[in-house]
Amino acid sequence: MNRYSRRWLWLILSVVSAFSMWHYVTHIWSANQPAHFSDLYAQWWTAHEIFLHGRQPYTLEIAREIQTMIYGAPVSTTTTGDPAELSGGFAYPLYVVFLMWPTLHLPFATVRIIFACLFLALTLLSILLWLKALNWQLPSSGLVTLALFTLGTFPVLQGIKLQNLSLLAAFLVAATLASLAADHLILAGILMAAATIKPQFIFLLLPWLAIWTIADWRKRRSFAWSFLATMLFLILSSEWLEPGWISHFFGILRAYKQYTYGHSLLDVWFSPRIGPLVGAALAVVVFILCWRCRANPAKSTQFLLASGLVLAATLVVVPTLAPHTQLLLLPGFLLLLRYRHSICQFSRTARLLFVAAWVLLAWGWIAAFGLSIAAIWMSNAKLVRFWMLPLYTSPLLPLGLLAILGFILWRKPALETS
């Protein structure tokens, strides 16, 4: 099969995969979801109330108003003070309300449409930013294929369906590293600070970039100063808006971990007591592997490999199994795709880990396609019983990518594009 035929085959496959996952998300996965459910509503309503009425954002009263909208009624609990009382409430750093300020006087139905379009555009832009950072120019057909595969993943479609700010935070991470690769250090610092709207996203990335910055402080210090200045502005402006918000925010985080399934894959495997210890040990190993790359420029393959490894490790150790966070894995898979021939020729272990990572990713599309075919003769009511099928490999996906990227950084093979 010649190259032209292969491109058309992959394009057709991307269309089928994206349609299958879209059908699964809209007709099966979200079949029993409340009609008005939206992760965005908490941020919008909180911004509305704090700017227009001066109300405190992290209160039970605000949480119940949000619950009434997204669930249809406030959450009832049998025990006063149960963290579940705050379920669905505002659980972000306060400065996220500045993002919502332009939408205060719009109806929420309009806001949802605006953000759905915004998330779609930012995801496409994230792809272009990662390709720019990798200095990888794809032909038009390849770019369309990659875009369809990316938009057709469960994490992206779930993020758009839920209206979750994970897609915005993932874009900000992509923009940060692309700015570093382009030597726009001040802009990178500002974008990195903005990415803290989802603190878990930069949990390991921030210390890694701190190590990288200190390794050549004279040339890279502007990144650190712009990040710190932007963070200081965000924190102080939020403090002016709502004094004492930081302590309230940390209180909400403790409740959030309890009323959601706030456990990592390691907690599931090793228990909630041992899991964090294993995660800490894993983080140490990751930083040891990245240490050798600290002197590399941000546009180098080694730096991007280390950053991809750190992002994959983040999703292994942070206490969440939410698939919509997995857009952070995009740079890692793009690296595997770009250097696929070198990796597969390196060793048998590399080939096995490479194939395992792609199988874990492909399973979601395969299962979604199977459910879409089954929908021809089965009703959605029956298919809903199998709603977990495409998600079976989702918790293992960050671990699979972590394994292959870690192996590459450990063995340091010569990576060449084909």
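Above this text sits the structure in question.
Here's what I pulled together on the structure shown here. (Residues numbered from 1 in each chain as written. Predicted model: local features only at pLDDT ≥ 70, side-chain atom pairs only at ≥ 80, totals over all residues. Heavy atoms only, no water.)

**Remarks on a positive patch on the surface**
Then, in step 1: Side chains of Arg3, Arg6, Arg7 and Arg340 sit close together on the surface and give a patch of like positive charge.
Then, in step 2: In terms of residue count, the dominant contributor to the positive patch is helix 1 (residues 3-29) (three residues).
Then, in step 3: Along the polypeptide, arginine 7 turns up in helix 1. (Patch = residues over 30% accessible without salt bridge, like charges linked within 9 Å, V, L, I, M, F, W, Y side chains within 5 Å. Areas by Shrake-Rupley, 256 points an atom, 1.4 Å probe, with all protein chains shown as cover. Salt bridge = Lys/Arg side-chain N within 4 Å of Asp/Glu carboxyl O. Lys, Arg positive; Asp, Glu negative; His and termini not counted. Charge placed at Lys NZ, Arg CZ, Asp CG, Glu CD. Helix = DSSP H or I, 4+ residues; strand = E, 2+ residues; numbered from the N terminus.)

**Some thoughts on the packing of helix 1 against helix 18 (residues 348-374)**
Then, in step 1: The contact between helix 1 and helix 18 brings their axes to 8 Å, and the two run at 70°. Put simply, helix 1 runs roughly perpendicular to helix 18. The crossing of helix 1 and helix 18 is left-handed. Contact residues: Val16, Ser17, Ser20, Met21, His23, Tyr24 and Ile28 in helix 1; Gly364, Trp365, Ala368, Phe369, Leu371 and Ser372 in helix 18.
Then, in step 2: Each residue belonging to the contact of helix 1 with helix 18 can be placed in one class, and the counts come to eight nonpolar, five polar and no charged. (Axes fitted to C-alpha atoms, helices over the stretch in contact; angles between N-to-C directions. Parallel < 35°, antiparallel > 145°, perpendicular 65-115°, else oblique. Left-handed = near helix turned anticlockwise from the far one by under 90°. Contact = heavy atoms within 4.5 Å. Nonpolar A, V, L, I, M, F, W, Y, C, P; charged D, E, K, R; others polar.)

**Examining the side chain of threonine 196**
Then, in step 1: The residue threonine 196 is located in the loop between helix 9 (185-194) and helix 10 (205-215) in this model.
Then, in step 2: Of note is the side chain of threonine 196, whose polar atom sits 2.7 Å from the side chain of tyrosine 95.
Then, in step 3: Reaching out from threonine 196, the side chain makes a polar contact with the backbone oxygen of alanine 193 at a distance of 2.5 Å.
Then, in step 4: The residues touching threonine 196, leaving out its near neighbours within four places in the chain, are Pro93, Tyr95, Ile202, Phe227 and Met231. (Polar contact = N/O pair within 3.5 Å; in protein donor to acceptor, adjacent residues only side chain to side chain.)

**A word on unusual backbone geometry**
Then, in step 1: The backbone of asparagine 135 sits at a positive phi, close to 55°, despite the residue not being glycine.
Then, in step 2: Tracing the chain through its elements places asparagine 135 in the loop between helix 5 (108-133) and helix 6 (140-151).
Then, in step 3: The class for asparagine 135 is exposed, based on a relative accessible area of 61%.
Then, in step 4: Despite not being glycine, serine 271 shows a phi value in the positive range, around 90°.
Then, in step 5: Here serine 271 is to be found in the loop between helix 13 (265-270) and helix 14 (275-291).
Then, in step 6: Look at serine 271 and you get partly exposed, because its relative accessible area is 28%. (Buried < 20%, exposed > 50% of the residue type's maximum accessible area, 1.4 Å probe, protein only.)

**Thoughts on the packing of aromatic side chains**
Then, in step 1: Per the counting criterion, the structure on display carries 26 aromatic pairs.
Then, in step 2: Ring pairs connect the aromatic residues Tyr58, Phe90, Tyr92, Tyr95, Trp245, Phe249 and Phe250, which therefore count as one cluster.
Then, in step 3: A cation over an aromatic ring shows up here: arginine 411 above the ring of tryptophan 410, its NZ or CZ 5.6 Å from the ring centre. (Phe/Tyr/Trp six-rings, centres within 6.5 Å; stacked < 30°, edge-to-face > 60°. Lys NZ or Arg CZ within 6 Å of the ring centre and 35° of its normal.)

**Considering the nonpolar core**
Then, in step 1: One finds Tyr24, Leu180 and Leu336 to be the most contacted residues of the largest nonpolar core, which totals 135 residues.
Then, in step 2: Of all the elements, helix 8 (residues 166-181) adds the most residues to this core, at 13 residues.
Then, in step 3: Discounting residues that sit within four places of it in the chain, tyrosine 24 has contacts with Trp29, Phe154, Ala368, Leu371, Trp387, Pro390 and Leu391. (Core = buried A, V, L, I, M, F, W, Y, C linked by side-chain atoms within 4.5 Å.)

**Quick look at the pattern of salt bridges**
Then, in step 1: Under the criterion given, the structure shown has three salt bridges.
Then, in step 2: In this structure, the salt-bridge partner of glutamate 49 is arginine 55, at a minimum N-O distance of 2.6 Å. Here glutamate 49 and arginine 55 have matching classes, each one buried.
Then, in step 3: Salt bridges sharing common partners tie together Glu49, Arg55, Glu61 and Glu65.

**A few points about the state of the cysteines**
Then, in step 1: Under the criterion given, the structure shown has zero disulfides.
Then, in step 2: Free cysteine: cysteine 293, not disulfide-bonded; nearest cysteine sulfur from cysteine 290 at 6.2 Å.
Then, in step 3: Among the residues examined, cysteine 293 registers a relative accessible area of 3% and is labelled buried. (Disulfide = S-S within 2.5 Å.)

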